[in-house]
Each structure stands twice: as C-alpha cells, then as structure tokens.
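Coordinates in review
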Amino acid sequence: MNKKIAVLSGDGIGPEIMMEALKVLRKIEDIFGHKFETVEGLIGGSAREKYGEHFPKETVSIAENSDAILFGSVGGPVDKQMEPKWRNCETNSILAIRKHFNFNVNLRPVKLYSALKSSCVLRSDIVENGIDMLCVRELSQDVYFGKHETSGEVGMRHAFDEMSYDEKVIEAIAHAAFKAAMLRRKKVTSVDKANVLSCSKLWREVVTGVAKTYPDCILEHVLVDNMSMQVIRRPGDFDVVLMPNMFGDIISDEVSVFAGSLGMLPSASLNEKGFGLYEPSSGSAPDIAGKGIANPIGQILSAAMMLKFSFGMNIEHDAILGAVEKTLVDGLRTGDIADGGKSVSTSEMGAKIVENLNRFSLLTGVGARASLGSP
Ligand code: NAD
C-alpha cells in the first residue's frame, strides 16, 4: 500500500521522538512491503521563526495533501510563554489544526503494560488484571464552544458559560465509540451528568438509541462524578469510555497517569471523513528537550494508531504493540519509567523497538504472510 504522511514534528522533544517513530515506520515498510512517503512541515515555535506564524499556509497545504498527519508536539518553556515565538503557540497551532480539519473524535488508549505495573500509581491488587481502556472524547461541541461572559461590577460580578450539544454530533461520536468497541472487548461506558444537565439527558437518550444498532456490545451509563471514582477503584473493568468534550478532557487526563508516564500515551483525532491526526498525549517537554532522554513510545504508538485507523493496517499496528511490549519485558526503560533505575536514551529505546519488530516478524512470519496476501 502507498500512503502519504504529513510529518509535523513541532518543538521541544517533538523532533527527537518523531525520529524514532519514523524508524519504526521504515521497518514496517520493509516487513510488509508498503511505501510511506513522508513530507515534513513546520508547526509551532519552529514555524513562527521561519514564517512568522505558528501554522503557516505551507504546512496547511502539506497536511491537506496527505493521507494522515503524524504530529509531534508544540510549545515552549512555561516561563517563556509571553515571548513572541511562544505566545498562543498551542492555540495557534494544535487548536487551529483541529479546527481546520474539523476533528470531532478524540481517541486516547490507556494501557498499562504488565512490565510497568510497578510504575503505576495505583495499588498492585487494583492493577493485577491490567488496564486497557480507550477514551473516546467528543471534540467539537460542549461548554468550550458556547458563549462565555462575565458581567457586572467587582463584588457583584456574574459569569456565564453556555453548554450545548446537537443530537447529530452525539450520534456520530457514539457510532465511533461502538465501532471501536466492536474491535475490542465490546463494552461501552458512556459518561454524563444526566441527573442534572439537559445536554447529558439528550446525550444518554441518543447513545442508548445508537447502542441498539450494535447488539453485540454492552452499554452502561455512569455519572461523571461516580466515574471519576470508579476508574480508580476498578480501572480494569472499562473497555471503551465514551465522553462529551469537558468530561472527556478531565477523565482522560485522570486515567493517563495509569500508564506509568505521559510519555507512553498515544492519541488520535479524527474527522467525519475518517481523516486523522496522530500525536502523543504529552506536550513538548522543554525541560528535557535536546538531552536525548525523552520516551519515544507515545509517538511510536501514535504512528501505530495511524496505521490502524487511517490505513486499516491492523496486523502492522499489532506488530508495533508487540514490539513495544517485548522491549519493556526486555527491561529497557527511559528515565520517566525507570523508577530511579538504569535508563536508556531515546534512540536506544527506538532501536530496540525496531529490532524487536524485526524479530517479531521473523518469529511469526507475519510480514511475509501479509505481503503474500494470505489471511
Ligand atoms: P509536558 O507534557 O510537555 O511535560 C510534563 C512533564 O512530563 C515534564 O516533566 C516532561 O519532561 C514530562 N514528559 C512529557 N513527555 C515526556 C516524554 N515523552 N518522555 C519523558 N518525559 C516526558 O507539559 P508542560 O511542561 O506543561 O508543557 C510544555 C509545553 O508543551 C507548553 O508549551 C505547553 O503549551 C505544550 N503542550 C503542547 C501540547 C501539544 O502539542 N499537543 C500538549 C500539552 C502541552
């Protein structure tokens, strides 16, 4: 298969971890006989330096002419946010690109690899059976997109935020969640506040309706306040967690710590046409940028998600996950997951994952079978 990928590495650790993800994609090309044409574009502070803006038209064009976008991260050090290079960098680049392509579905898998159980913040008896959930968050509506107003004199001020949802938007995200669940453990937990909010009442009614078209899936509804406790008490019970924008923002950050480090987490943003942007959940980590110590796994798993969700390459996706798991079982750790023990560099971690990908394909014959076209 031939595919064109827009590679937008961004700032900070972005280019360092992207380099490792590209090595993994090259190995996938070798094993499976695909051709990935990668076209690099600037975004964030690096784009502001060259073009005077964070998301220049040159980058827009590269992204528009691709089959998928592989994104790194943008932004500068927290204490330099007012410098022109960094001011509003995230808003002008990542939020702008999400808006430009109308990404309405955000997927964030949270998996605790068994080799990292000791790095998890939760008690060992709670994580004994592992954690493997997929957060599905609606991105285009909710309170973030309504009117925001503050009026009145100091001492008597009144603030107002408008929350709204369209039935069609809820329907679309619910279908995305159930389709994802069909490829997993066939369970959807829908999170709302239907005991109070009109938006949530509509959400619950529409999600219940959509569930009828997926009779093989189990649907449960959980109120968001209860959910914030349940994910900590029994994280292994959740498969696909479907959430409106604001609740998804909060709960997906809460569960992200289960994976052991922000550096482990991939994500995908998709629009209604199925076009997608894939990026690690973390930021540009300026505190460790340029040191060669960042964890590349979140970026590598983002590339794996791209193969699965944009190109339908499920075997290739699973092969990368297998190689990552084997690398962790082999004991390799970057500093963020080393628990104070011996750590390896970004490129050593990437190289071992590529090596394990090769071994994985030799052992299973998976690449050879796929390129011959047999099941
Ligand atoms: P951050 O996610 O960049 O870093 C938080 C902490 O996690 C840091 O200590 C960092 O070293 C660590 N960390 C993150 N990724 C890591 C990795 N792969 N390996 C090892 N450790 C890792 O968040 P922050 O420090 O609050 O923000 C830094 C910059 O990133 C800001 O400018 C912010 O605006 C931007 N940001 C960008 C995005 C995005 O591009 N989507 C998202 C969040 C933050």
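Residues numbered from 1 in each chain as written. Predicted model: local features only at pLDDT ≥ 70, side-chain atom pairs only at ≥ 80, totals over all residues. Heavy atoms only, no water.

1. Re the side chain of Thr-189
Following the sequence through the fold, Thr-189 ends up in strand 8 (residues 187–192). Residue classification places Thr-189 among the buried residues on the basis of a relative accessible area of 0%. Beyond its immediate chain neighbours, meaning those up to four positions away, Thr-189 contacts Glu-220, Val-222, Met-227, Phe-238, Val-240, Val-241 and Leu-242. (Helix = DSSP H or I, 4+ residues; strand = E, 2+ residues; numbered from the N terminus. Buried < 20%, exposed > 50% of the residue type's maximum accessible area, 1.4 Å probe, protein only. Contact = heavy atoms within 4.5 Å.)

2. Quick notes on the confidence of the model for the protein
The predicted model of the protein averages 94 in pLDDT, with 97% of residues at 70 or higher. In the predicted structure, residues 369–375 sits below a pLDDT of 50 and forms 6 contacts with residues beyond four places in sequence or in another chain. (pLDDT = per-residue confidence, 0-100.)

3. Section: the domain arrangement of the protein
Here the protein is described as being made up of domain 1 (1–113 + 262–375) and domain 2 (121–259). Here the C-alpha centroids of domain 1 and domain 2 sit 25 Å apart. In this assembly, 16 residues from domain 1 lie in contact with 21 residues from domain 2. Both sides together, the interface formed by domain 1 and domain 2 hides about 1,700 Å², and carbon and sulfur atoms give 62% of it. Three residues, Arg-108, Val-110 and Leu-112, lead the burial of domain 1 against domain 2; their summed loss comes to 40% of the area buried on that side. (Domains from an automatic or database assignment. Buried area = accessible area lost by both parts, 1.4 Å probe.)

4. Topic: the site of the ligand
Looking at the ligand, there are 20 residues lining it, with Gly-76, Glu-90, Gly-283, Ala-285 and Asp-287 nearest. Here an oxygen atom of the ligand and a side-chain polar atom of Glu-90 are 2.6 Å apart. Between the ligand and the protein, one listed contact pairs an oxygen atom with a backbone N or O atom of Gly-283 at 2.7 Å. Class assignment of the residues belonging to the shell around the ligand gives a composition of 7 nonpolar, 9 polar and 4 charged. (Near = heavy atom within 4 Å. Polar contact = N/O pair within 3.5 Å; in protein donor to acceptor, adjacent residues only side chain to side chain. Nonpolar A, V, L, I, M, F, W, Y, C, P; charged D, E, K, R; others polar.)

5. Concerning the environment of Lys-308
Structurally, the position occupied by Lys-308 is in helix 9 (residues 297–309). Along the chain, Lys-308 and Ser-93 lie 215 residues apart, while their C-alpha atoms are 25 Å from each other.

6. Observations regarding the side chain of Asn-245
In this fold, Asn-245 is placed in helix 8 (residues 245–256). With a relative accessible area of 1%, Asn-245 lands in the buried category. Reaching out from Asn-245, the side chain makes a polar contact with the side chain of Arg-137 at a distance of 2.8 Å. When neighbours within four sequence positions are excluded, Asn-245 is seen to be in contact with Arg-137, Glu-138, Leu-139, Ser-140, Gln-141, Asp-142, Tyr-144, Phe-145 and Tyr-165.

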